[in-house]
Amino acid sequence: MNKKIQRSLAVVSAATLLFGVSAVSSAGAAQKTVYLAFQAPLTGANALTGQDELTAAKFALSEYNATNPSVKVELVIADDQGLAEVAAVVAPGIAANKKVIGLIGPAFSGATQASLPAYKATGLPMISMSATRVSLTDKKAPVNGFPIFKRVVANDKFQGPALARYAIKGVSSPSVYLVDDKTAYGKGLADYTKPSIVRDAKIAGSDSVPENTSDYTSVVAKVKASGANVVIYCGYAPDAAKFVKALRDGGYTGIFAAGDGVLKATFPNNAGNTAAEGARLTAADVPFEDVATAAQMVAYTKLTGIKVPGSYVTSTYNATNIFLTCIKQGVTTRPGMQNCITAGSFKGIAGDTIKFDRYGDIIGGAAVGAFTIKAGKIVYLGVA
Amino acid sequence: MNLQVLESQFWSLCLQGVALGFIYVLISLGYTMVYGVLRLINFANSEVFMVGTFATVVAQVGILQNETNSQSLHGFRLIYTLTFALIFSMLVCGFLGVLVELVAYRRLRSLGAKPLGFLISAIAVSIVLLETIRIVTYSRPQTSPRLLDKWSFGEFAGANFRIDTVMVIISGIVIFFTLDRFVTKTRLGKAIRAVSMSEEISKLMGINLNRVVSLTFFIGGLTTGAAAFFYTTVYETTQFNVGFNLGLAAFTTAVLGGIGNLRGAFYGGMFLGVLEQFASAILGSQWKSVTVFTVLVLVLLLKPNGIFGEAVQQTRT
Amino acid sequence: MINLRDKGASIWENWSPPARSSFVLIVITLVALLPYAGDFGPTSFLNTPISSYQAVLVYPIALFVLMGLGLNIVVGKSGLLDLGYVAFFAIGAYTMGIMGTMTSLNTWEILPFGIFFAMLAGLLLGLPALRLRGDYLAIVTLGFGEIVRIIALNLQVTGGPNGVVGVPTPPPILGQKFELDDHKAYFWVILIMILLVIWMVRRFTVRRPGRAWEAIRQDEDVAALMGVNLLVYKLWSFTIGAAVGGAGGVIYASKTMFIAPDMFTFNTSILVLACVVFGGLGNIWGVILGASILAYLPERIRFISNARQLVFGLVLLVIMNVRPDGLLPRKKREKIKQKEAK
């Protein structure tokens, strides 16, 4: 009798457990949606950067959704115009949105700086795809992003020396003229490039030409007067195009080198093939079309209508995938996401390993790639 | 302070400054003529200029089907391409100027609004133009193809006489001269001067005020469009936000020369263009705007009506 | 068309002092409760998508109202065209930034410094510039606004393009703490400042400075003939306007904890000016209404995303064409007062 009762009890409890479990899992099988936020300039003067990056996030998400996952992921798009004052009102809004468990971005360093208070207060993990200001991950900086800020792009401390090295490679008695565009990005990169130039070559002169200047003739005059044979420009593609054109038209025949802000199709397109030919560019970001498979490129073009991806598409894709990987592992909360990202090891699309150090940079530093322009096309040469 | 650059590149900087100055002058005519007639700042002129640069590109690439990386043109094809682009840009800006007047100023004029109301209205039109172009171009810069090969006539005292620089200067002089003759000799030109001297009396003399105002905006647009063409030809690139800096420089030119004074604007532009080049060379490009504004303040302190004064009661245009 | 302001003014005049006081208190209380309106059912339509409603209330809404009131003294009351008002805001903000990070003073202690430096700048700018005629003054002030921004961009001490980071938040005052994610406290501080400025402006308006400003605004030459010292009164209005801007800047820097030159562009000057004109030049209620609407609108229509600014420009254009004297114009009020005087 006892055994019979025991056995029936066992059967009943097993049945209860089974039903109970299936009841729980069927409740779990009901579609859950988590939200990732995306913060970048989508309107305003810097809209180009944000719009390019957004395509990458959307593409990564489309690949994820195509696998028919149990947890749906949706994007909350926040336009901060790349400006600190707009970020200061957008960030609190995103931070207060309890459904958002991770932030892709912000794209610009200034906007990141202004967003930090809100995100730190609510513990929202951030992975930036293009904010390269060193102080954000510098443990000695008065305000850094610890613990929530991570980035998948090499900061200026790595890119600067690489740029200097690459620019003077193969030049006998290099005499360098350093120009920046007075933006936080350009000035920051120039500050980190300068020590390497001073150490390995000679500085012929320097100048700061504010962004969006049309006329570069006075700078060209100064470059010519200084006798420099290498010009390093720290800024963005549209201005670099104007500058290199003015240099070549002015009769400058030396090397022209620039950082990742110039690594966009806009540069050779706007400068013209002849002026841009042979320019040496470094980037902490590899062009997406060089690392994606052909099938992925087709899918990307189908989704976005763009044939040649813009800048930081690879890093945004990587950043989004890091979040998605954690979500696939079952993360649904901010603390969970924070732990997953901090401790985890991820794979970038180029096959590289991404693991973050304590303050948010990639361990081993993100690789800095060297590029050149041949016949109007960006050509990847290898690690700088 | 980098003075050696000034020594070795003096004439080169002067030449470039003059060429740039002409572009400023042509845009400033849009401000100064409207001010002469309406006593109002035509704030939207900077965006009219910006639209003109895109019109030039549209003319060269869209209508005449030149590719961005195509070979430069020569001979007859070069001449008619450039002329067509120039005229297209001028007309687009001219009519846009008239449209701006109709939308931003006409109604407020009939209601007798205060000057500040006009300013805000013009600013609103400015925003609308800027944003429309920004949305249409996806915030991307637009290049114009190198149709004109930038060969040089030769160097003289360190100054490189490139064909585009020379072209800007010569065309600028021609346009300015034509405008000056128009305003002093023709009936319509005299009507404009009459209105700028006194609206009341002009009305009594039977001058159709609205027509004159529209004409003024049209002419201002024409010169601004020409400036846009030259700008695009020389710099070969444009973006939705080029208007602000150039508009500010042009407005400064107009004030320096004495706002409302056509000939004063001419000298103001030359002065400003050269000053900018020198300031960039000596102090560094980041101090260019500060230098310009400081000089402006100093000039206005000493000569409150601009270098050539406003000539309000005298013969002026 | 009904002149709302005159209607309001005539109703106001018919009330007794106790009725007036209680009305004022009720209005102030309602405004102070605005930060809660986003979450409160019936008023939740006020909520801004994406950006934080409470953060938007502080900047741009409350600060634009404050700056609008300051600019109103310059432009509205005295008729001086200032296109570079953002410079004073920037000076206040950078004072807070630099002193906050280099000295151990807190926000409340730095506030008088911020106001002082802004006033000093107003004085230095005004001395040469205010002798100039209207439109020349416009471009000089515009230039000044740009000069301040460019100097902040170029100098090392202001941090260059990186700006100043780590600006301290205000210490608790009267028990009210200033948390990182709590914007309400800042809103109330600015609300108090707005009330102070309104009170100050009203006191000035009924006394000699206000009348002198009015005379200058209407016709400078006549005012000079009547014995008004033009430069002194113009400088007065300029520096007071600057002081208000500077005060706003100090609070702003303390709130965002980070300032950079690109936060103080010509666009801000124009927007504040648009607020003043849009609302109705010269009168306080118009400015408050105008600033609230123009600062709030771009954030509220974020769902339009790409065409946001375009819609803003179109709205501004339409309103200026329909009501060129602003939403609450001032003109007729003087006529009513004249009639009553008879």
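Placed above this text is the structure.
Residues numbered from 1 in each chain as written. Chains lettered and ligands numbered in written order. Predicted model: local features only at pLDDT ≥ 70, side-chain atom pairs only at ≥ 80, totals over all residues. Heavy atoms only, no water.

(A) Representation of the overall build of chain C in the model. A tally of regular secondary structure across chain C gives 15 helices and 2 strands. Taken over C-alpha atoms, the radius of gyration comes to 20 Å for chain C, in line with the 20 Å a tight globule of 342 residues would show. By principal-axis analysis of the C-alpha atoms, chain C measures approximately 60 × 55 × 45 Å. For chain C, the proportion of its 342 residues judged to be buried stands at 55%. Contacts spanning at least 24 positions in sequence make up 75% of the contacts within chain C whose residues lie at least 6 apart. With the model as given, the accessible surface of chain C reaches about 14400 Å², and the carbon-plus-sulfur share is 68%. With 29 positive and 19 negative side-chain charges, chain C shows a spacing of 7 Å between the two charge centroids. (Helix = DSSP H or I, 4+ residues; strand = E, 2+ residues; numbered from the N terminus. Rg over C-alpha atoms; globule rule 2.2 N^0.38 Å. Buried < 20%, exposed > 50% of the residue type's maximum accessible area, 1.4 Å probe, protein only. Contact = heavy atoms within 4.5 Å. Areas by Shrake-Rupley, 256 points an atom, 1.4 Å probe, with all protein chains shown as cover. Lys, Arg positive; Asp, Glu negative; His and termini not counted. Charge placed at Lys NZ, Arg CZ, Asp CG, Glu CD.)

(B) Region of the structure containing the interface of chain A and chain C. Taken together, the contact pairs 31 residues of chain A with 27 residues of chain C. Summing the contributions of chain A and of chain C, the shared interface buries around 2300 Å²; its carbon and sulfur component is 63%. Area buried by chain A at its contact with chain C is led by Glu-85, Val-89 and Lys-182 of chain A, which between them contribute 26% of it. Viewed at the interface, chain C and chain A are joined by 0 salt bridges. Where chain A meets chain C, there are 2 residue pairs in polar contact (both at pLDDT 80 or more). Among the elements that take part in the side of chain A that touches chain C, helix H3 (residues 84-96) of chain A stands out by supplying 9 residues, more than any other. Residues of the side of chain A that touches chain C, tallied by class, amount to 18 nonpolar, 8 polar and 5 charged. (Buried area = accessible area lost by both parts, 1.4 Å probe. Salt bridge = Lys/Arg side-chain N within 4 Å of Asp/Glu carboxyl O. Polar contact = N/O pair within 3.5 Å; in protein donor to acceptor, adjacent residues only side chain to side chain. Nonpolar A, V, L, I, M, F, W, Y, C, P; charged D, E, K, R; others polar.)

(C) Spatial organisation of the interface of chain C and chain B. Of the residues lining the interface, 38 residues belong to chain C; the matching set on chain B comes to 44 residues. With both sides pooled, the region where chain C packs onto chain B buries about 3700 Å², and carbon together with sulfur makes up 77% of that total. For chain C, the biggest contributors to the area lost against chain B are Tyr-136, Ile-139 and Asn-321 of chain C; these three give 18% of the whole. The tally of links between chain C and chain B comes to 0 salt bridges. Here chain C is connected to chain B by 3 residue pairs in polar contact (both at pLDDT 80 or more). If you tally residues by element for the side of chain C that touches chain B, the top one is helix H7 (residues 134-154) of chain C, at 11 residues.

(D) The layout of surface pockets, seen in detail. In this structure, the second largest pocket occupies an estimated 950 Å³ of space. The wall of the second largest pocket is formed by 31 residues, among which Pro-115 of chain B together with Gly-79, Leu-80, Gly-134 and Arg-217 of chain C lie closest to the centre. When residues of the lining of the second largest pocket are assigned to their parent elements, the largest contribution, 4 residues, is made by helix H4 (residues 115-137) of chain B. Per-class residue counts for the lining of the second largest pocket are 14 nonpolar, 5 polar and 12 charged. (1 Å grid on protein atoms, 1.4 Å probe; cavity = no way out; pocket = protein on both sides within 12 Å on 5 of 7 lines; lining within 4 Å. Points joined across faces, edges and corners; volume = space filled by probe spheres on them.)

(E) How the structure looks around empty space enclosed by the protein. Under the defined criterion, the tally for this structure stands at 8 cavities of 30 Å³ or more. Within this model, the second largest cavity holds a volume of roughly 120 Å³. Along the wall of the second largest cavity there are 13 residues; nearest its centre are Ala-88 and Pro-117 of chain A together with Leu-180, His-183 and Lys-255 of chain C. Listing elements by their share of the lining of the second largest cavity, those giving two or more residues are H3 and helix H4 (109-122) of chain A together with helix H11 (230-256) of chain C. Element by element, the count of residues in the lining of the second largest cavity is highest for H4 of chain A, at 4 residues. Looking at the lining of the second largest cavity residue by residue, the classes come out as 8 nonpolar, 3 polar and 2 charged.

(F) A look at the packing of aromatic side chains. For the coordinates displayed, the defined rule picks out 41 aromatic pairs over all chains. Summarising the aromatic geometry, the rings of Phe-88 of chain C and Phe-144 of chain C are spaced 6.1 Å apart at their centres and angled 45° between planes, so their arrangement reads as tilted. With a gap of 56 residues between them, Phe-88 of chain C in helix H5 (residues 86-102) and Phe-144 of chain C in helix H7 connect regions that are remote in the sequence. Taken as a pair, Phe-88 of chain C and Phe-144 of chain C share a single burial class, namely buried. With a centroid separation of 5.8 Å and an interplanar angle of 55°, the aromatic rings of Phe-204 of chain C and Trp-213 of chain C are classed as tilted. An aromatic cluster is defined as three or more aromatic residues linked by ring pairs; in this entry it consists of Tyr-59, Phe-64, Phe-89, Tyr-94, Tyr-252 and Phe-264 of chain C. Directly above the ring of Tyr-166 of chain A sits Arg-280 of chain A, whose terminal nitrogen or CZ lies 5.7 Å from the centroid. Across from the ring centre of Tyr-186 of chain C, 5.9 Å away, lies the NZ or CZ of Lys-255 of chain C, which sits over that ring. (Phe/Tyr/Trp six-rings, centres within 6.5 Å; stacked < 30°, edge-to-face > 60°. Lys NZ or Arg CZ within 6 Å of the ring centre and 35° of its normal.)

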